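Listed here are the chains, written in short residue letters.
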Amino acid sequence: MAELFGKETGTSHGRGGSMHLFSQEHRFYGGYAIVGQALPIACGSGYAINYQGTDEVVMSIFGDGATNIGAFHESLNVAKLWHLPMVFVCVNNLYGMGTAVNRASAVTEIWKKACAYDMTGERVDGMDVLAVRRITDQLVAQAREKHEPSLLECVTYRYRGHSMSDPDTYRGKDEIKEWQTRDAILSLGEHLKKQKMLTDQEIQRIDEEVTAQVEDAVKFAEESPDPDPKDLYRDVYAGEAAG
Ligand SMILES: Cc1ncc(C[n+]2csc(CCOP(=O)(O)OP(=O)(O)O)c2C)c(N)n1
Ligand SMILES: [Mg+2]
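Keep in mind that what you see is a predicted model, and the values were worked out from it rather than measured. (Residues numbered from 1 in each chain as written. Chains lettered and ligands numbered in written order. Predicted model: local features only at pLDDT ≥ 70, side-chain atom pairs only at ≥ 80, totals over all residues. Heavy atoms only, no water.)

Q: Can you walk me through the coordination of the magnesium ion (ligand 2) in this structure?
A: Metal coordination angles in their ideal form are 109.5 degrees for the four-donor tetrahedron and 90 or 180 degrees for the six-donor octahedron. Around the magnesium ion (ligand 2), the donor atoms from the protein are Asp-64 (OD), Asn-93 (OD1) and Tyr-95 (O), and they sit 2.1 to 2.2 Å away. Spacing between the donor residues of the magnesium ion (ligand 2) along their common chain follows D-x28-N-x1-Y. There is no split in this pair, since Asn-93 and Tyr-95 are both buried. (Donors = N, O, S within 2.8 Å, 3.2 Å for Na, K, Ca; no water. Buried < 20%, exposed > 50% of the residue type's maximum accessible area, 1.4 Å probe, protein only.)

Put into structure tokens, the structure is as follows:
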């Protein structure tokens, strides 16, 4: 939250913001402003795992919009060719900013794009948490044990616009309401209640705990100092151009 607020206490001391969230501690190697840009970088991590001979796996997570970008195809090609231990996870929420998938992609079932690279492709209901976990476990094991990458398409939805600048006028309110009835978090709660693993009170308690955690993070961010202007050039690698 502090990084989003541009504060010195953020994961990148406020220099990254929402577009360049990065945390080495959490092994989160970044969100990037250029759509599709993270995929080749993730392949680099996959290559490093093979080179160093560890048993780690890279999860590369991106939106449907990224799958029409050249870097997506180059990354899948190289991942398959070099047996990189990766799972490419596409969060298909049916829109890339305001553009519906069928207006931007010749192939609307994203998982099928895997077949161009002779790679495992799977599609899962992204609103079903346990189904996502099941298939993810399987694909992570495949990446770890066989060094075979895969593409997983999670079909889901976003209830709000892409960002503050998205007026969200490209779809009907009914469509949004319809998807909200299948909300992933609420559905999991219902499922756990049916299985007698959670009660309404326990769900409410978890809800309150999470809300408090988020409020704490916001408070921490608000109360954190701004970066000191004297550090403006601290993490800049390039010097002034010669001449
Ligand atoms: C190469 C590139 N082209 C265009 C943009 C502008 N842009 C930012 S997000 C976005 C849509 C990406 O779609 P998706 O990944 O599905 O994101 P969602 O809208 O679902 O959050 C676009 C076109 C960009 N950042 N980079
Ligand atoms: Mg999208």
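Q: Help me understand the side chain of Gln-142 in this model?
A: Within the secondary structure, Gln-142 is located in helix H4 (residues 129-146). Under the relative-accessibility criterion, Gln-142 is labelled buried at 18%. Within the structure, Gln-142 has its side chain in polar contact with the side chain of Thr-120 (distance 3.1 Å). Ignoring sequence-local partners within four residues, the contact set of Gln-142 consists of Thr-120, His-147, Glu-148, Pro-149 and Ser-150. (Helix = DSSP H or I, 4+ residues; strand = E, 2+ residues; numbered from the N terminus. Polar contact = N/O pair within 3.5 Å; in protein donor to acceptor, adjacent residues only side chain to side chain. Contact = heavy atoms within 4.5 Å.)

Q: Please explain the site of ligand 1 as it appears in this structure.
A: Residues in close proximity to ligand 1 include Ala-33, Ile-34, Val-35, Gly-63, Asp-64, Gly-65, Asn-93, Tyr-95, Gly-96, Met-97, Arg-158 and His-162, which together make up its full environment. Asn-93 has a polar side-chain atom sitting 2.7 Å from an oxygen atom of ligand 1. At 2.7 Å from an oxygen atom of ligand 1 is found a side-chain nitrogen or oxygen belonging to Arg-158. Alone, ligand 1 offers 580 Å² of accessible surface; in the complex the protein occludes 64% of this. (Near = heavy atom within 4 Å. Areas by Shrake-Rupley, 256 points an atom, 1.4 Å probe, with all protein chains shown as cover.)

Q: Mind showing me how you'd approach the pairing of strand S2 (residues 86-92) here?
A: Counting buried residues along S2, 6 of its 7 residues qualify, which places the element largely inside the surrounding structure. Where strand S1 (residues 58-63) and S2 come together, 6 bridges link them in parallel fashion. Across the sheet, the residue bridging to Val-58 is Met-86, located in S2. For the crossover that starts at S1, traverses helix H2 (residues 70-81) and ends in the parallel S2, the hand is right-handed. Relative to strand S6 (residues 150-155), S2 runs parallel, the two being bridged by 6 bridges. Residue Val-89 lies in a different strand from S6, and its bridge partner there is Leu-152. (Pairing = 2+ DSSP bridges. Right-handed = clockwise from strand over helix to strand, strands pointing away.)

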